[in-house]
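One letter stands for each residue in the lines below.
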Amino acid sequence: MNDIPELNLPHVRIAHPEHVSEVIQNMIKDGHDKLQVVADFDRTLSKYTHRGQICSTCHNVLEEGHVLPDFYKDEARALRDHYFPIETNPKLTVEEKIPVMVEWWTKAHDLLTKCHIKRDDVRKMVENSTARLRDGCTWFFDQLQASEIPLLIFSAGIGDVIIEVIKHQATLHDNMKVVSNYLEYDEQGQMTGFQGDMIHVYNKNEGAIHDSDYFQNLEHRNNIILMGDSLGDLHMADGAVGVQNKLKIGFLNVKVAESLDLYMKRYDIVILEDETLDVVNAILQKVL
Ligand code: TMP
């Protein structure tokens, strides 16, 4: 751990330093050929705040600018004001939160479907949005690409928005796969709904990726860096096979004091109110 000074910074919390040290040593020994990375998007690869302002999540991007009508913005904000405190309430269990999150995503997706947006609208909204990739994200993406390390971005946000944010602010490389909620369009390019099963923050252990052959094809990559900002993100790599070393890195952005104990129990490394990927990049640099 002394080789990676970023791990000793005051906003980086580690409940079991010996365990973290052993996992990182194993990953360094095994090298980049054995590594795969699984990351959440909103508030994990993207920032929570930028220069003191709260940044947009994928869904929030749609509330910015002038593309969508005011009724959408008002209702989407009202939904978030009601449901986001429930999502992040450390006093509720995941089981208690799941039906409430299904309700939120269902209402939010129905609301967006009513607006009949056009394919090109997403690009315009992203260009003018306050969604921001974390500082260091471009380096992170580029290094993973250069070393041919697969990156799975697993998000309960909106896939079309994620793709545009990455293309606009960094590069979407061919080692990256984005599994998320994608918009469905008719032949005229007008949105008609969402494709496939809904992904919300607490069902990342279910079918979306685990029923596919994604992890099967990577079974020789026994080491996983998992990055998330919610307790639901801990399940993003549940379908991975033959895992020998897993390093779970959690970004804690809100309700820090109330949630810290829980996050330290569940994540190996907890990073508090940081808008960079410096800690992850420092570890990655050692493994490459
Ligand atoms: P993530 O899986 O990439 O973290 O994305 C989920 C986040 O999206 C979660 O923190 C809640 C947020 N969200 C909104 O901001 N507005 C919405 O309408 C919905 C459904 C989710």
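No experiment lies behind these values; they were computed from the predicted model shown.

Peer 1: Can you walk me through the confidence of the model for the protein in this structure?
Peer 2: Close inspection of predicted coordinates is inappropriate in any region flagged by low pLDDT. With 100% of its residues at a pLDDT of 70 or more, the protein has an overall mean of 94. On the interface metric, ipTM, the complex scores 0.97, and its pTM is 0.95.

Peer 1: In this structure, what is going on with unusual backbone geometry? I would like to understand it.
Peer 2: Most peptide bonds are trans, and most residues other than glycine sit at a negative phi. One non-glycine residue, lysine 255, adopts positive backbone phi at about 50°. Owing to a relative accessible area of 29%, lysine 255 belongs among the partly exposed residues under this scheme. In this model, glutamate 273 sits at a positive phi of 40°, which is unusual for a non-glycine residue. The residue glutamate 273 is located in the loop between β11 (269-272) and α11 (278-287) in this model. Assessed through its relative accessible area of 59%, glutamate 273 is described here as exposed.

Peer 1: Teacher, can you tell me more about the sheet that holds β11 here?
Peer 2: Strand pairs in the sheet, formed through backbone hydrogen bonds, run parallel or antiparallel to each other. Pairing is mixed across the open sheet formed by seven strands, whose spatial order is β1-β11-β10-β9-β2-β5-β6. Sheet topology places β1 (12-13) and β6 (176-181) at the edges, where each strand pairs with a single neighbour. Inspection of the sheet shows strand β10 (residues 245-252) paired to β11 by four bridges, in the parallel sense. Across the sheet, the residue bridging to isoleucine 249 is isoleucine 269, located in β11. Running over the sheet, helix α6 (residues 137-146) touches β2 (35-39), β5 (151-158), β6 and β9 (223-228) and is turned about 140° from β5. Together, β1, β10 and β11 form the strand contacts of helix α10 (residues 256-266), whose direction differs from that of β10 by roughly 175°.

Peer 1: Whenever I open this one, the pattern of salt bridges confuses me. Can you help?
Peer 2: When the charged atoms of two side chains with opposite charge come close together, those side chains can pair. For the structure shown, the criterion picks out nine salt bridges. One salt bridge in this structure joins lysine 47 and aspartate 135, with 3.1 Å as the shortest N-O distance. Here aspartate 135 lies in the loop between α5 (119-127) and α6 and lysine 47 lies in the loop between β2 and β3 (49-50), a separation of 88 residues in the sequence. Two residues, aspartate 120 and arginine 123, come together in a salt bridge whose shortest N-O distance is 3.0 Å. On the criterion of helical spacing, the pair formed by aspartate 120 and arginine 123 is a turn pair, its members being three residues apart in helix α5. We classify aspartate 120 as partly exposed; its relative accessible area is 37%. Where salt bridges share partners, they join Asp40, Lys204 and Asp233 into one cluster.

Peer 1: Please clarify how the side chain of serine 147 should be interpreted in this entry.
Peer 2: Following the sequence through the fold, serine 147 ends up in the loop between α6 and β5. Excluding its chain neighbours within four sequence positions, the residues that come into contact with serine 147 are His32 and Leu288.

Peer 1: What exactly am I supposed to notice about helix α7 (residues 159-169) here?
Peer 2: In an α-helix, one turn spans 3.6 residues, which is why side chains three or four residues apart end up on the same side. When you tally the buried positions in α7, you get eight out of eleven residues, the bulk of the element. Three or more residues of α7 are buried, namely Gly159, Asp160, Val161, Ile162, Ile163, Glu164, Val165 and Ile166. Next to the buried residues of α7 lie α2 (58-61), α5, α6, β5, β6 and β7 (183-185).

Peer 1: Whenever I open this one, the site of the ligand confuses me. Can you help?
Peer 2: With respect to spatial proximity, 16 residues lie near the ligand, and among them Asp40, Asp42, Ser155, Ala156 and Lys204 are the closest. Within the side chain of asparagine 60, one N or O atom sits 3.3 Å away from an oxygen atom of the ligand. A distance of 2.8 Å is found between an oxygen atom of the ligand and a side-chain nitrogen or oxygen belonging to serine 155. Bound to the protein, the ligand loses 98% of the 490 Å² it would expose on its own. Sorting the residues of the shell around the ligand by element identifies α2, α3 (70-87), α4 (94-113) and β5 as the ones contributing at least two each.

Peer 1: Just to check I follow, could you spell out the packing of aromatic side chains for this structure?
Peer 2: To describe a pair of aromatic rings, one takes the distance between the centres and the angle between the planes. Applying the stated criterion to the full structure yields five aromatic pairs. Centre to centre, the rings of tryptophan 104 and tryptophan 105 are 5.0 Å apart; their planes meet at 70°, and the pair counts as edge-to-face. Here the two residues tryptophan 104 and tryptophan 105 agree in accessibility, since each one is buried. Taken together through their ring pairs, the aromatic side chains of Tyr83, Trp104 and Trp105 make up a single cluster. The aromatic ring of phenylalanine 251 is capped on one face by arginine 134, whose charged end is 4.0 Å from the ring centroid. Its guanidinium or amino end placed over the ring of phenylalanine 154, lysine 204 lies 5.8 Å from that ring's centre, counting from NZ or CZ.

Peer 1: Would you take a moment to explain the side chain of asparagine 222 for this structure?
Peer 2: Residue placement: asparagine 222 occurs in the loop between α9 (214-217) and β9. What makes asparagine 222 buried here is its relative accessible area of 12%. In this structure the side chain of asparagine 222 is engaged in a polar contact, spanning 3.3 Å, whose partner is the backbone oxygen of glutamate 219. Within polar-contact distance, the side chain of asparagine 222 engages the backbone oxygen of glycine 242 at 2.9 Å. Those residues in contact with asparagine 222 that lie beyond four places of it in its chain are Lys34, Gly242, Val243, Gln244 and Asn245.

The rules we used
- Residues numbered from 1 in each chain as written.
- Predicted model: local features only at pLDDT ≥ 70, side-chain atom pairs only at ≥ 80, totals over all residues.
- Heavy atoms only, no water.
- pLDDT = per-residue confidence, 0-100.
- Buried < 20%, exposed > 50% of the residue type's maximum accessible area, 1.4 Å probe, protein only.
- Helix = DSSP H or I, 4+ residues; strand = E, 2+ residues; numbered from the N terminus.
- Pairing = 2+ DSSP bridges.
- Contact = heavy atoms within 4.5 Å.
- Axes fitted to C-alpha atoms, helices over the stretch in contact; angles between N-to-C directions.
- Salt bridge = Lys/Arg side-chain N within 4 Å of Asp/Glu carboxyl O.
- Near = heavy atom within 4 Å.
- Polar contact = N/O pair within 3.5 Å; in protein donor to acceptor, adjacent residues only side chain to side chain.
- Areas by Shrake-Rupley, 256 points an atom, 1.4 Å probe, with all protein chains shown as cover.
- Phe/Tyr/Trp six-rings, centres within 6.5 Å; stacked < 30°, edge-to-face > 60°.
- Lys NZ or Arg CZ within 6 Å of the ring centre and 35° of its normal.

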